[in-house]
Amino acid sequence: MKFDNLYLTKSKQQLEKDFQNMFVSLGFQKGKSLQKMIRFILKQYYDIPFHNIYHIYEVCKFVMYLFEKIPTNNIRDYKLIQNYKKLCFFAAICHDIGHKGVANKKAINKSNFWDISLNIEQDFIINDGSYNEKMHIQLTKDILKQYFKCFNISKDVNTTLFMNNVIISTDISLHTNIMSYINNLPIITTTEFIKNPITYSILILKLADLSHTLKPFKIHSNWVLKLKQENKVNINS
């Protein structure tokens, strides 16, 4: 994968076209509804230093790159994996939706992640302190419900559980517990991805969300600076 920061010079209209191409390549239904959905999502991102559409674009591009690394053995696996890829990608483009640049309050979070019986594929991850993430999840669910026809996936998939667990897992306060959970799982393969689509989608999105750390120092340092700028506003406000 070629790493550069040229996407930072793209107009919002260019980014919108790129996003549409990514959605269509994953099997979303091409048309005015998809275009309207993408445009609506992008309008929910504010012009703030870090949590903006350029960050989302970088995350989504890296998610697409990681998708290429998941092998597909047969047609049945392909159909299942495509469904989960669509949901994972949708979680990626929406995971910071509506973010105003204000961090979650510094408080002791009441979380169910200390429960050793928690199963990410079946149980909702709960964290009282994930104020931003809960707002992102609600907006995501509303958009998914309105534009579900664009997805071309089975209604049997529990999209509510999927979006909740994948998006709330981007809360940095849950990082250590989530990675401890994931570290006990087998290495990602087609079979494992199908068995644990939510868990591995969490892993994909978390890696993509921090992907600037894997890029040339110039790109990485640019995002660190932007995050500091955003945090400075939080401290002074």
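The coordinates are above.
Below, the structure is looked at part by part. (Residues numbered from 1 in each chain as written. Predicted model: local features only at pLDDT ≥ 70, side-chain atom pairs only at ≥ 80, totals over all residues. Heavy atoms only, no water.)

The number of helices and strands found in the protein chain is ten helices and zero strands. Per-residue burial for the protein chain yields a buried fraction of 49% across its 237 residues. For the protein chain, the share of sequence-separated contacts (at least 6 apart) that also reach a separation of at least 24 residues comes to 79%. Within the structure as shown, the protein chain displays about 12,800 Å² of accessible surface, and the carbon and sulfur contribution to it stands at 55%. (Helix = DSSP H or I, 4+ residues; strand = E, 2+ residues; numbered from the N terminus. Buried < 20%, exposed > 50% of the residue type's maximum accessible area, 1.4 Å probe, protein only. Contact = heavy atoms within 4.5 Å. Areas by Shrake-Rupley, 256 points an atom, 1.4 Å probe, with all protein chains shown as cover.)

All right, on to the environment of Leu 174 then. Along the chain, Leu 174 turns up in the loop between helix H6 (159-168) and helix H7 (175-183). The buried category is assigned to Leu 174, whose relative accessible area is 2%. In this structure the C-alpha to C-alpha distance between Leu 174 and Asn 127, which are 47 residues apart in sequence, comes to 8.4 Å.

Counted under the stated rule, the structure contains nine aromatic pairs. Ring centres of Tyr 84 and Phe 193 lie 6.4 Å apart, and the angle between their planes is 75 degrees; on these two criteria the pair is classed as edge-to-face. Here Phe 193 lies in helix H8 (residues 190-195) and Tyr 84 lies in helix H4 (residues 75-94), a separation of 109 residues in the sequence. The residues Tyr 84 and Phe 193 share a single accessibility class, namely buried. Joined through ring pairs, the aromatic side chains of Phe 23, Phe 28, Phe 89, Phe 90, Phe 148 and Phe 151 make up one cluster. (Phe/Tyr/Trp six-rings, centres within 6.5 Å; stacked < 30°, edge-to-face > 60°.)

Next up on the list: helix H1 (residues 12-25). The terminal C-alpha atoms of H1, which comprises 14 residues, lie 20 Å apart, in line with the 20 Å expected from a rise of 1.5 Å per residue. Those residues of H1 that sit buried are Leu 15, Glu 16, Asp 18, Phe 19, Gln 20, Met 22 and Phe 23. Remark: Gly 27 follows H1 within two positions and exhibits a positive phi of approximately 105 degrees. (Expected span 1.5 Å × (residues − 1).)

Turning our eyes to something else, we now look at the pattern of salt bridges. Across all of its chains, the model carries five salt bridges by this definition. Here Asp 18 and Lys 10 are joined by a salt bridge, their closest N and O atoms 2.4 Å apart. Here Lys 10 falls in the partly exposed class, since its relative accessible area comes to 26%. Between Lys 215 and Glu 58 there is a salt bridge, with the nearest N and O atoms lying 3.0 Å from each other. Highlighted residues: Lys 215 in the loop between helix H9 (197-209) and helix H10 (217-236) and Glu 58 in helix H3 (residues 53-67), separated in sequence by 157 residues. (Salt bridge = Lys/Arg side-chain N within 4 Å of Asp/Glu carboxyl O.)

To continue, consider the environment of Asp 77. Locating Asp 77 in the fold gives a position in helix H4. Separated by 113 residues in sequence, Asp 77 and Thr 190 place their C-alpha atoms 7.4 Å apart. Not counting chain neighbours up to four residues away, the residues in contact with Asp 77 comprise Thr 72, Thr 190 and Ile 194.

Next up on the list: unusual backbone geometry. The residue Asn 152 is not glycine, and still its phi comes out positive at about 55 degrees. With respect to the secondary-structure elements, Asn 152 resides in the loop between helix H5 (131-146) and H6.

Below, the discussion takes up the nonpolar core. Phe 19, Phe 89 and Phe 90 are the most contacted members of the largest nonpolar core, which has 67 residues in total. Looking at which element gives the most residues to this core, the answer is H3, with eleven residues. Dropping the residues within four chain positions of it, Phe 89 is found in contact with Phe 19, Met 22, Phe 23, Leu 26, Cys 60, Val 63, Met 64 and Phe 67. (Core = buried A, V, L, I, M, F, W, Y, C linked by side-chain atoms within 4.5 Å.)

Turning to the side chain of Asp 96, a few remarks are in order. Residue placement: Asp 96 occurs in the loop between H4 and H5. Among buried Asp, Glu, Lys and Arg side chains, Asp 96 stands out as unpaired, with Lys 206 the closest opposite charge at 11 Å. Residues contacting Asp 96, with those up to four places away along its chain left out, are Tyr 45, His 51, His 55, Ile 56 and His 136. (Lys, Arg positive; Asp, Glu negative; His and termini not counted.)

Attention shifts here to the packing of H1 against helix H2 (residues 32-43). Remark: H1 packs on H2, axes separated minimally by 10 Å, with the N-to-C direction vectors making an angle of 125 degrees. Here H1 is positioned oblique relative to H2, judged by the angle of their axes. For the pair H1 and H2, the sense of crossing is right-handed. Here Glu 16, Phe 19, Gln 20, Phe 23 and Val 24 of H1 lie close against H2, whose contacting residues are Leu 34, Gln 35, Met 37, Ile 38, Arg 39 and Leu 42. Per-class residue counts for the contact of H1 with H2 are seven nonpolar, two polar and two charged. (Axes fitted to C-alpha atoms, helices over the stretch in contact; angles between N-to-C directions. Parallel < 35°, antiparallel > 145°, perpendicular 65-115°, else oblique. Left-handed = near helix turned anticlockwise from the far one by under 90°. Nonpolar A, V, L, I, M, F, W, Y, C, P; charged D, E, K, R; others polar.)

Our next topic: the environment of Asn 119. Of note, Asn 119 is situated in the loop between H4 and H5. As a C-alpha pair, Asn 119 and Tyr 181 span 62 residues in sequence and 9.5 Å in three-dimensional space. A distance of 2.9 Å separates a polar side-chain atom of Asn 119 from the backbone nitrogen of Glu 121. (Polar contact = N/O pair within 3.5 Å; in protein donor to acceptor, adjacent residues only side chain to side chain.)

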